[in-house]
Amino acid sequence: MTFKTLDDLPDMTGKVAVVRVDLNVPMQDGAVSDFTRLEAVKPTVDAIAAKGGRSVLLAHFDRPKGKVVPEMSLRQVIPALAKTLGRSVGFIELGDTLPADEVVVLENTRFHPGEEKNDGELAAQFAAYGDVYVNDAFSAAHRAHASTEAIARLLPAYAGATMGGELRALEAALGAPKRPVVAVVGGAKVSSKLAVLENLVAKVDHLIIGGGMANTFLYAQGIDTGKSLCEKDLADTAKAILAKAAEAGCKIHLPTDVVVAKEFKAHADNRVCAAGDVAADEMILDAGPATVAELADVLKASKTLVWNGPLGAFEMAPFDAATVALAKAAGDLTVKGSLLTVAGGGDTVAALAHAGVKDQFTHISTAGGAFLEWMEGRELPGVAALG
Ligand code: ADP
Ligand code: MG
């Protein structure tokens, strides 16, 4: 898809850009505890300033559901944002006139019932603050809201720097990727990622299925998974996905050996066994070393990797071993230049950080829901509106 970027912005002297950003930052004891999302705002604000313009930022915070909830005011984010941007940051409520600051934050868009209804009148009130619209919140792009969709039809619309980077990386990974392409889909349940699996089997050359969801696939193939997390009612769905993969020429990789324990807790007594040798009182908590070695070879032979979902219960040592080992293999190949690596998902990002490879991957998406919907092959309304 084609969209305008900040390079296409006209001279902005004396003008204002209304910029949708992600300020939904984690807070601890009244202070911002992770600056990642604030740092992501800086390149766009700087690019607008470089063209002579000012920025009015639109963002949501938490889930006030269309009502004013004082604890969810964006006012609390202002000091950290001003520090991160190195600029004066003002704060207004909808209807207030713009102060002279270089950057102005408008109060939580979700305080208004029209935001989540994609209301045109609310969008017009947002749009009235500026001359152009910039969307830099990929993480909110899967929602058609007044600040992400309706407003893009009221002003000349551009993708911000962070949004543009995300879209380019995603395009390189699944749009027109270098082949072979391998996808890793792991995590707890098949049911939460059915649409992802169905989309990927038609697009990738290798699909690695890991985590709890692999158990459902093993079960569907007649393997007893003992006490493992397993959605037995989805066995037929799993079989249909396997059939679709075979038809599309997508090779599916399931664990051949596994790490099992009798308890779901860190440092539980465990053993490695063949996937078919799980006892009735055992549960699969990780992929085994032989599986990791096979998967590392698949990565070595591939040019592009898309990853969502850990291979095991990575929060509990030692069941993080397969995820960490494969993440390191992917990181090494990326640094060597033979593999382009794109990953996303709340737990996936945590797992990759735990493996120490966050800086090695080509691109790690900060978006949770939007990343998954993109992996499902769906058009994101906030992105479509920029076209
Ligand atoms: P993401 O947030 O990256 O999309 P998910 O939420 O789908 O990932 O999956 C992460 C969760 O899956 C983790 O909490 C992890 O403990 C769990 N998980 C992975 N493998 C297993 C397993 N074999 N048994 C139970 N839970 C698992
Ligand atoms: Mg999760």
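Please refer to the structure higher up on the page.
Residues numbered from 1 in each chain as written. Chains lettered and ligands numbered in written order. Predicted model: local features only at pLDDT ≥ 70, side-chain atom pairs only at ≥ 80, totals over all residues. Heavy atoms only, no water.

Engineer: What am I meant to see in empty space enclosed by the protein here?
Structural biologist: To find the voids left in a structure, one rolls a probe of water-molecule size over its atoms. For the structure shown, the criterion picks out 2 cavities of 30 Å³ or more. Looking at the largest cavity, its volume works out to about 110 Å³. What lines the largest cavity is Val21, Asp22, Arg37, Ala40, Val41, Asp136, Ala137, Phe138, Ser139, Thr162, Glu166 and Thr366. Of all elements in the fold, only helix 1 (36-50) and helix 5 (161-175) reach the threshold of two or more residues within the lining of the largest cavity. Take the lining of the largest cavity: its biggest share by element is 3 residues, from helix 1. A class-by-class count of the residues in the lining of the largest cavity yields 5 nonpolar, 3 polar and 4 charged. There is about 40 Å³ of room inside the second largest cavity. Considering the residues around the second largest cavity, the lining is formed by Ile208, Ile209, Gly210, His253, Leu254, Pro255, Ala287, Thr291, Leu295 and Leu311. Contributing elements (two or more residues each) for the lining of the second largest cavity: strand 10 (206-209) and helix 9 (289-300). When its residues are assigned to classes, the lining of the second largest cavity shows 7 nonpolar, 3 polar and no charged. (1 Å grid on protein atoms, 1.4 Å probe; cavity = no way out; pocket = protein on both sides within 12 Å on 5 of 7 lines; lining within 4 Å. Points joined across faces, edges and corners; volume = space filled by probe spheres on them. Helix = DSSP H or I, 4+ residues; strand = E, 2+ residues; numbered from the N terminus. Nonpolar A, V, L, I, M, F, W, Y, C, P; charged D, E, K, R; others polar.)

Engineer: It is not clear to me how the site of ligand 1 should be interpreted in this structure. Could you clarify?
Structural biologist: Ligand 1 sits among 18 residues. The nearest are Lys193, Ile284, Glu315, Asp347 and Thr348. Between glycine 312 and ligand 1, the recorded distance is 3.5 Å, taken from a backbone N or O atom to a nitrogen atom. At a separation of 2.9 Å, an oxygen atom of ligand 1 approaches a polar side-chain atom of aspartate 347. Protein contact buries 85% of the 580 Å² of open area that ligand 1 shows by itself. Along the lines of polarity and charge, the residues of the shell around ligand 1 split into 7 nonpolar, 8 polar and 3 charged. (Near = heavy atom within 4 Å. Polar contact = N/O pair within 3.5 Å; in protein donor to acceptor, adjacent residues only side chain to side chain. Areas by Shrake-Rupley, 256 points an atom, 1.4 Å probe, with all protein chains shown as cover.)

Engineer: What is the right way to look at the sheet that holds strand 12 (residues 257-261) in this model?
Structural biologist: Strand pairing in a sheet is mediated by backbone hydrogen bonds. Such pairs are either parallel or antiparallel. In spatial order, the strands read 13-12-14; together these 3 strands make up an open sheet with antiparallel pairing. Here the strands that pair on one side only, and so sit at the sheet edges, are strand 13 (270-274) and strand 14 (283-287). Averaged over all pairs of adjacent strands, the angle between strand axes in this sheet comes to 40°, irrespective of strand direction. The pairing of strand 12 with strand 14 spans 4 bridges and is antiparallel. Following the sheet pairing, alanine 261 is matched in strand 14 by methionine 283. (Pairing = 2+ DSSP bridges. Axes fitted to C-alpha atoms, helices over the stretch in contact; angles between N-to-C directions.)

Engineer: How should I be thinking about the environment of threonine 109 in this particular structure?
Structural biologist: On the secondary structure map, threonine 109 appears in the loop between strand 6 (103-106) and helix 3 (113-116). Overall, the relative accessible area of 0% leaves threonine 109 in the buried class. Considering only alpha carbons, one finds threonine 109 and histidine 60, 49 residues apart in sequence, at a separation of 5.1 Å. With sequence-adjacent residues up to four places away left out, threonine 109 is seen in contact with Arg20, Leu58, Ala59, His60, Glu115, Phe126 and Ser147. (Buried < 20%, exposed > 50% of the residue type's maximum accessible area, 1.4 Å probe, protein only. Contact = heavy atoms within 4.5 Å.)

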